[in-house]
Amino acid sequence: MPPALPPAPPERFNFAAHLLTRNAAHPERPALIDDVGELSYGALHERVRRCAQALRALGLRREERVLLLMHDSSDWVVAFLGCLYAGVVPVAVNTLLTADDYAYQLRHASVQAALVSAALLPTLAQALQQGGHEVHSVVVSRGSTDVAQPGGVALHAFDAWLNAHPPANAAADTHGDEPAFWLYSSGSTGRPKGTVHTHANLYWTAELYGRGVLGLQAHDLVFSAAKLFFAYGLGNALSFPLSVGASVVLMAERPTPTAVFARLTGNTPTLAGRRPTVFYGAPTGYAGMLAHPELPERHHVGLRLCSSAGEALPRDIGERWAAHFGVDIIDGIGSTEMLHIYCSNRPGAVAYGTSGTPVPGYELEIRGEDGLPMAPNPDGSIDIGDLYVRGPSAALMYWNDRERSRQTFQGAWTRTGDKYTRDAHGRYIYAGRNDDMLKVSGIYVSPFEVEATLVRHPAVLEAAVIGITDADGLTKTKAYVVLRPGASATAEEIQAHCKQHLAPFKYPRAIAFVPELPKTATGKIQRFRLREWEAQRTAA
Ligand code: 3UK
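Basis of the calculations
Residue numbers run consecutively from 1 along every chain, following the written order of its sequence. Totals for whole chains, interfaces and linings use every residue, but because this is a predicted model, local features are given only for residues with pLDDT of at least 70 and side-chain atom pairs only at 80 or more, for both listing and counting. Calculation of side-chain values draws on the structure's entire complement of heavy atoms; hydrogens and water are dropped beforehand. Think of it this way: any DSSP run of H or I at least four residues long counts as a helix, any run of E at least two long counts as a strand, and we number them from the N terminus. Radius of gyration: over C-alpha atoms. The globule rule applied is 2.2 Å multiplied by the number of residues raised to the 0.38 power. Here the term buried applies to any residue with accessible area under 20% of the maximum for its type, exposed to any over 50%, and partly exposed to those in between, with areas from a 1.4 Å probe on protein chains only. Between two residues, a contact is recorded if the distance between any of their heavy atoms is within 4.5 Å. Note on charges: Lys and Arg go in the positive column, Asp and Glu in the negative column, and His and the chain ends are not counted at all. Every charge is mapped to an atom, namely NZ of Lys, CZ of Arg, CG of Asp or CD of Glu. Note on terminology: near, applied to a residue and a molecule or strand, indicates that one of the residue's heavy atoms is within 4 Å of it. What qualifies as a polar contact is a pair of N or O atoms within 3.5 Å, subject to a donor-acceptor requirement within protein and to the restriction that residues adjacent in sequence count only when both atoms come from side chains. Put simply, Ala, Val, Leu, Ile, Met, Phe, Trp, Tyr, Cys and Pro go in the nonpolar bin, Asp, Glu, Lys and Arg in the charged bin, and everything else, Gly too, in the polar bin. Any two strands with at least two DSSP-identified bridges between them are counted as paired. Axis angles are defined between N-to-C directions and span 0 to 180 degrees, where every axis is a line fitted to C-alpha atoms and, for a helix, only to the segment in contact. Roughly parallel means an angle under 35 degrees; roughly antiparallel means over 145; roughly perpendicular covers 65 to 115; every other angle is labelled oblique. Two helices that cross are described as forming a left-handed crossing if the nearer one is turned anticlockwise from the farther one by less than a right angle, and a right-handed crossing if clockwise. Throughout, disulfides are identified as pairs of cysteine sulfur atoms within 2.5 Å of each other. Arc, as used here, means the arc of the directions from the helix axis to the C-beta atoms. By convention, a crossover is right-handed whenever its connection, traced from the first strand over the helix to the second and viewed with the strands pointing away, goes clockwise. In this text, buried Ala, Val, Leu, Ile, Met, Phe, Trp, Tyr and Cys residues form a nonpolar core when linked through side-chain atoms within 4.5 Å.

Enquirer: Would you mind going over the overall build of the protein with me for this structure?
Expert: From N to C terminus, the protein includes 15 helices and 27 strands. Relative to the globule expectation of 24 Å for 540 residues, the C-alpha radius of gyration of the protein, 23 Å, shows essentially globular dimensions. Over its C-alpha atoms, taken along the principal directions, the protein stretches across nearly 70 × 60 × 50 Å. Counting the 540 residues in the protein, one finds 57% classified as buried. Taking the contacts inside the protein whose residues are at least 6 apart along the sequence as the reference set, 67% of them involve residues at least 24 apart. Positive and negative charge centroids in the protein, built from 49 and 52 side chains respectively, lie 1 Å apart.

Next comes the structure, spelled out in structure tokens:
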């Protein structure tokens, strides 16, 4: 008998209140350990309720949206849960974007207020200056609010703002299916999609994956290299651990190998020797750590479990990590649309090079070109097709985008955009995307967006961007560039141009200068030819 699925949450359900209630019996236990200090479950309880009250005092009402643009810290968690507690909807956004990106999000989400890290305030201020938004208040976490104050917007310092308000007495009486928060997700063309998630979706991912598959326990100390603004990081470092009373390490800086090693070995002032038992990261991060000269020895870390998602984990990386640390990496596929992982390996039963089997509570179909589920072969395997998933944590919709919502959310089923096969043991094997999206370091990059930026460089006539596979088996972007007659530019100059005009993580990792691009008779760039060139080059 498979283990019974968890009970459905009650109809009236507020996820923040649910977490606080679940942990009310152990107020002294550490909940969050960030770069500057530690917050117990009791202190978290109080701060979340103060935050809810303070949001109401700003004039925010149920269902209104707030931009959450912060580096990982306990303030991030307090802000997110404070919004949920008040029934206010946080729009949690990537901290690596440009002022133009934020200006779009402010308008698209009709945001009323923003919660921002001091270090990101200048970028947000630039976005606010573009106008066309309804933001009336900005709350600044950790640092000076000394910045040219955008006209008509009130600035508050997070700590003083919280402390000026008593804890709210009661949580907003939200419905489990009510919009709780949004995350933005990029598509190959068009603006990013505002993906609307509910209170119940957080519950389902925490119960089905965090508890059900990963088996997180109250005594775990978890650390995620993937940031809280990614759906992956939000489950890893917020909803999963806080659902079981575990403790979380939060880190504001970029997850470089050195920064991650310091946490894994407990070697920071606030950790003071406490070492994470569970680590989550993207494959590129694991590869970077394995290649790093300061990779800690097995006995310097306290890991019992590692998780990977965002892009397929190459077998070799999993095997090398397991050989070094004696701990498997559990690879699973999830998405912003499904909120977290719905198909995964299992602790103690890992098949590297596969995404494992469906997470109990989710159903998968591999569909053929006719749109129907493909029949298994006699040995039980299924040939390549389009992966669809059905499960209780699917987003409600993409905000204000009927067309793309319809394409993705098809009744109970969600179209993943991924190609998959299934082997004779029932394990699912990733076989590429069926749009042009690339996953670089586990983050979506649209080749078209990069191309549009490349051609803005004065020396560039035309450009095409494709994904290439590096020596670790991971995807990196490569740009084929045709220069204007008589113009010259170096690869470094073109990369610097991209980092300046695009979110820097989107810059092409390699540049090839070519006299012309392969095109069809009608002038369309033949990307498959570029991929063939690449294959020939690597074979040579
Ligand atoms: C790809 C994978 C192979 C795949 C995510 C865990 O990555 C997450 O969400 P995104 O919306 O991207 C979704 C797409 O990324 N992908 C993710 N994981 C894997 N491909 N193997 C994997 N293990 O194309 C998928 O459709 O950024 C991951 C939890 C929550 C998430 N949002």
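There's more to say after this.
Enquirer: Looking at this structure, how should I read the site of the ligand?
Expert: In the vicinity of the ligand lie 22 residues, with Asp 331, Gly 332, Thr 336, Asp 418 and Lys 439 positioned nearest. The contact in question runs from an oxygen atom of the ligand to an N or O atom on the side chain of Thr 336, over 2.5 Å. Within the contact set of the ligand, an oxygen atom lies 2.8 Å away from a side-chain nitrogen or oxygen of Lys 439. Sorting the residues of the shell around the ligand by element identifies α8 (231-244), β14 (329-334), β21 (413-422) and β22 (428-433) as the ones contributing at least two each. Considering each element in turn, the shell around the ligand owes the most residues, four residues, to β14. Grouping the amino acids of the shell around the ligand by side-chain chemistry returns ten nonpolar, seven polar and five charged.

Enquirer: How should the sheet that holds strand β6 (residues 137-141) be read in this particular structure?
Expert: In a beta sheet, neighbouring strands pair by backbone hydrogen bonds and run either parallel or antiparallel. With mixed pairing, the eight strands of this open sheet are ordered in space as β7-β6-β5-β3-β4-β8-β9-β19. Edge positions in the sheet fall to β7 (154-157) and β19 (397-398), since each has one partner strand and no second. In terms of strand pairing, strand β3 (residues 65-69) meets strand β5 (residues 111-117) through five bridges, oriented parallel. Bridge assignment links Leu 67 to a residue of β5, and that residue is Ala 114. Sheet strands touched by helix α4 (residues 99-108): β3, β5, β8 (179-185) and β9 (193-198). Its angle to β8, the strand with the most contacts, is close to 150°.

Enquirer: Got a minute to help me understand the packing of helix α2 (residues 41-57) against helix α3 (residues 74-86) in this structure?
Expert: Each pair of packed helices gets described by two things: the angle between the helix axes and the distance between those axes. Where α2 contacts α3, the two axes come as close as 8 Å, and the packing angle between them is 60°. Here α2 is positioned oblique relative to α3, judged by the angle of their axes. The way α2 lies across α3 gives a crossing that is right-handed. Across from Leu 44, Arg 47, Val 48, Arg 49, Cys 51, Ala 52, Leu 55 and Arg 56 in α2, the residues of α3 making contact are Asp 75, Val 77, Val 78, Ala 79, Leu 81, Gly 82, Cys 83, Tyr 85 and Ala 86. Class assignment for the residues of the contact of α2 with α3 results in twelve nonpolar, one polar and four charged.

Enquirer: Where do I start with the state of the cysteines in this structure?
Expert: Two cysteines whose sulfur atoms are joined by a covalent bond form what is called a disulfide. Enumeration according to the criterion identifies zero disulfides in this entry. In this structure Cys 83 is a free cysteine whose sulfur lies 5.8 Å from that of Cys 51, the closest cysteine sulfur available.

Enquirer: I tried to follow α4 on my own but got confused; where do I start?
Expert: Note that an α-helix has 3.6 residues per turn; residues three or four places apart therefore point the same way. Counting buried residues in α4 gives eight out of ten residues, a clear majority hidden from the surface. Restricting attention to buried positions, one finds in α4 the residues Ala 99, Asp 101, Tyr 102, Ala 103, Tyr 104, Gln 105, Leu 106 and His 108. In the core, the buried residues of α4 are packed alongside β3, β5, α5 (121-129), β8 and β9. Looking one or two residues past α4, Ser 110 carries a phi angle of roughly 35°, positive in sign.

Enquirer: Quick question: what am I supposed to make of the side chain of Thr 336 here?
Expert: Within the secondary structure layout, Thr 336 lies in the loop between β14 and β15 (341-344). Here Thr 336 falls in the buried class, since its relative accessible area comes to 18%. Those residues within four positions of Thr 336 in sequence are excluded, and the remaining contacts are Leu 183, Ser 185, Thr 195, His 197 and Ala 231.

Enquirer: Help me out: how do you make sense of helix α13 (residues 447-454) in this one?
Expert: Among all positions in α13, only Pro 447, Val 450, Glu 451, Thr 453 and Leu 454 are buried. In a view along the axis of α13, the buried residues occupy a sector of 160°, so they form one face of it. Elements in contact with the buried residues of α13: β23 (438-440), β24 (443-445), β25 (460-469), β26 (475-483), α14 (491-501) and α15 (527-539).

Enquirer: How should I be thinking about the sheet that holds strand β27 (residues 510-513) in this particular structure?
Expert: Strand order in the open sheet formed by three strands is β25-β26-β27, and the pairing between neighbours is mixed. Only two strands of the sheet have a single partner each, and these edge strands are β25 and β27. Adjacent strand axes in the sheet meet at a mean angle of 25°, parallel and antiparallel pairs treated alike. Note that β25 and β26 share nine bridges and pair antiparallel. Residue Val 465 lies in a different strand from β26, and its bridge partner there is Ala 479. The strands touched by α15 are β25 and β26; relative to β25, the strand with the most contacts, the crossing angle is about 55°.

Enquirer: It is not clear to me how the pairing of β26 should be interpreted in this structure. Could you clarify?
Expert: Two faces make up the sheet, and in a regular strand the side chains alternate between them. Most of β26 sits out of view: seven of its nine residues are buried. If you look at the hairpin formed by β25 and β26, you'll find five residues sitting between the two strands, and Gly 473 has a positive phi there, around 85°. Once you follow β26 into α14 and on to β27, the crossover reads as right-handed.

Enquirer: Looking at this structure, I do not really get the nonpolar core. What am I missing?
Expert: Buried together is how nonpolar side chains tend to be arranged in soluble globular proteins. The biggest cluster of nonpolar side chains holds 88 residues, and the ones touching the most others in it are Leu 44, Trp 76, Phe 80, Leu 115, Trp 161, Leu 238 and Leu 242. Among the elements that make up this core, the one with the highest residue count is α3 (ten residues). Those residues in contact with Leu 242, other than ones at most four positions away along the chain, are Leu 19, Asn 23, Ala 31, Leu 32, Tyr 41, Leu 44, Val 77, Leu 81 and Val 248. Judged by nonpolar contacts, the second largest core, of 50 residues, contains Val 196, Val 460, Ala 463 and Tyr 507.

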